Amino acid sequence: MSDKIIDLGAGFWNIRGTFRLGGVLNIGTQCSLVKLASGRFVFLDSYTLTDDVRAQVMALTTNGQDVEAVLNLHPFHTVHCAQMAKDFPQATFYGSSRHHKKVSEVQWADDLVESDAVAERYPELKFSLSQGVHYIAPNEMIHAGSLLAFHPASKSLHVDDTFMSPPTKLLEAVLPELLLHPTTKKALKNEPNAGKEYCDWASNLADDWRDVRNFCAAHSYLVKFKDGEFEKALLKAIAKARPKLENA
């Protein structure tokens, strides 16, 4: 399966990339390109662009010169950051504290990607940091926490790991479904109400971002929701998981 760039309209492009577990099984990854009101661009997450996808991105961004920043949203998605910094040397790179430690060769901005300062800089996007779970879990195998980004103009949600779609497209014919990351329970903070805090956060998100039509998840395919379906699908996933998470 080759990389591809999908134009979701209103200045939002989702790039479906390749990520092989153990060099064999391709579980996929992503980044997104967003055009700002200024005419400049930001990336959501880093990915090494090649071939046709690279050519299309360079054509859109005046050979990369119009890329203002790269917002690395997921603390554990670090593989492509160094290459991205080489490809777009003039861009400001934002990341979590883990990005700063793991990819020290990149000149990171002082403001962390999850900070209010970064959110205020890009009013074209809405951000939400997962609650009740560790953003950077002490156990390196737990990746359920992340910073989510919603682009209201294109109704596109960019999410890494926290929410996923089922691995088969067969379900889409009935109603697109969402799943919580399998490590969500393990990612809960060691606090009495952590499970409730997570479920309440996700339920509020389903309501606040109910306009989502394009669900762009890192390790599953792009899901297209119809009016109201995203809210229903996320609330259903939360309702199913709430008893286990609240009693964890």
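Up top you'll find the structure we're talking about.
Residues numbered from 1 in each chain as written. Predicted model: local features only at pLDDT ≥ 70, side-chain atom pairs only at ≥ 80, totals over all residues. Heavy atoms only, no water.

A. Representation of the nonpolar core in the model. Judged by nonpolar contacts, the single largest core of 34 residues is most densely connected at Leu157, Phe163, Tyr198, Phe215 and Phe230. Among the secondary structure elements, those contributing two or more residues to this core are strand 10 (147-151), strand 11 (156-159), helix 6 (194-208), strand 14 (214-217) and helix 7 (229-246). By size, the runner-up hydrophobic cluster in this structure holds 23 residues, among which are Cys31, Phe43, Leu49 and Cys81. (Core = buried A, V, L, I, M, F, W, Y, C linked by side-chain atoms within 4.5 Å. Buried < 20%, exposed > 50% of the residue type's maximum accessible area, 1.4 Å probe, protein only. Helix = DSSP H or I, 4+ residues; strand = E, 2+ residues; numbered from the N terminus.)

B. How the structure looks around the pattern of salt bridges. The full count for this structure, using the stated rule, is 10 salt bridges. Residues Asp207 and Arg210 are paired through a salt bridge, measuring 2.2 Å at the closest nitrogen-oxygen approach. Using a relative accessible area of 39% as the deciding quantity, one classes Arg210 as partly exposed. The partner of Glu246 in a salt bridge is Arg242, and the shortest N-O contact between them spans 2.7 Å. Placement of both Glu246 and Arg242 in helix 7 is noted, with a separation of four residues, approximately one turn of the helix. You can call Arg242 partly exposed: its relative accessible area is 23%. One salt-bridge network, held together by shared partners, links Lys196, Asp200, Arg242 and Glu246. (Salt bridge = Lys/Arg side-chain N within 4 Å of Asp/Glu carboxyl O.)

C. Structural context of the environment of Phe12. Inspection of the secondary structure puts Phe12 in strand 2 (residues 12-17). C-alpha of Phe12 to C-alpha of Ser154: the two residues are 142 residues apart in sequence and 6.5 Å apart in space. The residues contacting Phe12, other than those within four sequence positions of it, are Ile6, Asp7, Ser32, Leu33, Val34, Leu44, His151, Ser154, Ser156, His158 and Cys216. (Contact = heavy atoms within 4.5 Å.)

D. Quick look at the packing of aromatic side chains. One pass over the full model with this rule turns up eight aromatic pairs. Where Tyr198 meets Trp201, the ring centres are 5.6 Å apart and the plane angle is 50 degrees; that geometry is what we call tilted. Separated by three residues within a single helix, Tyr198 and Trp201 lie in helix 6, roughly one turn from each other. The two residues Tyr198 and Trp201 agree in class, both being buried. These aromatic residues form a ring-pair network of at least three members: Phe163, Tyr198 and Trp201. (Phe/Tyr/Trp six-rings, centres within 6.5 Å; stacked < 30°, edge-to-face > 60°.)

E. Structural context of the side chain of Arg16. Turning to its location among the elements, Arg16 is positioned in strand 2. In terms of polar contacts, Arg16 uses its side chain to reach the side chain of Asn14, at 2.8 Å. A polar contact of 3.0 Å, which involves the side chain of Arg16, links it to the side chain of Gln30. (Polar contact = N/O pair within 3.5 Å; in protein donor to acceptor, adjacent residues only side chain to side chain.)

F. Summary view of the packing of helix 6 against helix 7. Viewed as axis vectors pointing N to C, helix 6 and helix 7 meet at an angle of 175 degrees, and their least axial separation amounts to 9 Å. By the angle between their directions, the pair helix 6 and helix 7 is classed as roughly antiparallel. Facing helix 6, whose interface residues are Gly195, Lys196, Tyr198, Cys199, Asp200, Ala202, Ser203, Leu205, Ala206 and Asp207, helix 7 presents Phe230, Glu231, Leu234, Leu235, Ile238, Arg242, Leu245 and Glu246. Residues that form the contact of helix 6 with helix 7 fall into these classes: 10 nonpolar, two polar and six charged. (Axes fitted to C-alpha atoms, helices over the stretch in contact; angles between N-to-C directions. Parallel < 35°, antiparallel > 145°, perpendicular 65-115°, else oblique. Nonpolar A, V, L, I, M, F, W, Y, C, P; charged D, E, K, R; others polar.)

G. Just the sheet that holds strand 9 (residues 126-129), in detail. Within the open sheet, the five strands sit side by side as 9-10-11-14-15. Their pairing is mixed. At either end of the open sheet lies a strand with only one pairing partner, and these are strand 9 and strand 15 (223-224). Pairing between strand 11 and strand 14: four bridges, direction parallel. In the strand pairing of strand 14, Val159 is matched with Ala217. (Pairing = 2+ DSSP bridges.)

H. Region of the structure containing a positive patch on the surface. Among the surface-exposed residues, Lys185, Lys236, Lys240 and Lys244 lie close enough to one another that they form a single positively charged patch. Tracing the backbone through its elements, the reader meets Lys185 in helix 5 (residues 184-187). (Patch = residues over 30% accessible without salt bridge, like charges linked within 9 Å, V, L, I, M, F, W, Y side chains within 5 Å. Areas by Shrake-Rupley, 256 points an atom, 1.4 Å probe, with all protein chains shown as cover. Lys, Arg positive; Asp, Glu negative; His and termini not counted. Charge placed at Lys NZ, Arg CZ, Asp CG, Glu CD.)

Note that every value here comes from positions in space, so none of it alone points to a role or purpose.
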